[in-house]
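As a plain string of letters, each chain reads:
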Amino acid sequence: VLREYLPEYADILEAEGITLEKVFFTGDFLVPVTEDFDPRSPFIFPHLRIQLLQNIDDWLGTRYRFGGRSRRGIDCSAFTSTIVVETLNQDFRGTSRWQARQFSPIFDTDSLQFGDMMFFTGTNRRSKRIGHVGIYLGNGVFAHSSTSKGVTYSHITDGYYTQRFRWGGRFILEDGGDAEREGVFVLP
C-alpha cells in the first residue's frame, strides 16, 4: 500500500533503513506484524489484515459525500463503519465522535498499529471536537474518506492531519479482562 499509493514516503523510510514490513513466527504460521503487535487485536490474523486491505481497495476513489453511505458517495464515519462491518462482521455505526467515544485514547501515533482507528478534529483547528476518522495501516499511512479526494490513503505527516490528530483506538477480541489498557474497544 505504501509503495503503491505514497511512494515518496516509502522512499524516505527505505532510505532511513526502515523496513516496510516485519514478520514473526507465532508457532503455527507467519504473521506480518512486529513482535510487539498487540496479540489481542483481530488483525493479528493475516487473513483479516488482507481482508481489511481488500475492503479498503474496493472503496478507493469513491467520492466524499456528507452523510453518504453508498458507492455514490460516503463520508468518513460511514467509510470506517462499513470497513469494520465488512472485515470484522461487527456493527460499528455512528458519527466520528460516537466512534471515538468507544475507545480509551492512544495519544502517541508511534503506539498505533495496523487496523487501529485514528481520530482527528474537524476543519476548525482550535476545536477539540472529533470531526474526522480513518483506519491506520502502518508506517504513518491511513485510509479515510477525504472531503477533497474521497476514499484515499494519506500520511500522518501531511500537515493537515498532523495538526488535527487527537488519538487512536484499538479493537480487541477478548472479553474485557484487560479493558483498561489504552485504546481498547472490546468486540463481543
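Since this is a predicted model, take the numbers as computed values, not measurements.

Each value, and the rule that gives it
- Residues numbered from 1 in each chain as written.
- Predicted model: local features only at pLDDT ≥ 70, side-chain atom pairs only at ≥ 80, totals over all residues.
- Heavy atoms only, no water.
- Helix = DSSP H or I, 4+ residues; strand = E, 2+ residues; numbered from the N terminus.
- Expected span 1.5 Å × (residues − 1).
- Buried < 20%, exposed > 50% of the residue type's maximum accessible area, 1.4 Å probe, protein only.
- Arc of directions from axis to C-beta.
- Contact = heavy atoms within 4.5 Å.
- Pairing = 2+ DSSP bridges.

(A) Representation of helix α3 (residues 46-59). With 14 residues, α3 extends 20 Å between its outermost C-alpha atoms, agreeing within 8% with the 20 Å of an ideal straight helix rising 1.5 Å per residue. Residues of α3 that are buried include every one of L48, R49, L52, N55, I56 and W59, and no others. In a view along the axis of α3, the buried residues occupy a sector of 130°, so they form one face of it. Exposed side of α3, more than 90 degrees from the buried face: H47 and D58 are the residues found there. At its buried positions, α3 is contacted by β3 (69-70), β4 (73-74), α4 (76-88), β6 (130-138), β7 (141-146) and β8 (150-155). A positive phi of about 85° marks G61, the residue just after α3.

(B) Summary view of the pairing of β7. Burial analysis of β7 places 6 of its 6 residues in the buried class, which makes it a mostly covered element. Side chains V141, A143 and S145 project from β7 onto one buried face, and the interleaved F142, H144 and S146 project onto a second face that is buried too. Of the pairings in the sheet, the one linking β6 to β7 comprises 4 bridges and is antiparallel in character. Bridge pairing in β7 places G138 opposite V141. Counting the residues in the hairpin turn of β6 and β7 gives 2 residues, including N139, whose phi is positive at 55°. Pairing of β7 with β8, which is carried by 6 bridges, proceeds in the antiparallel orientation.

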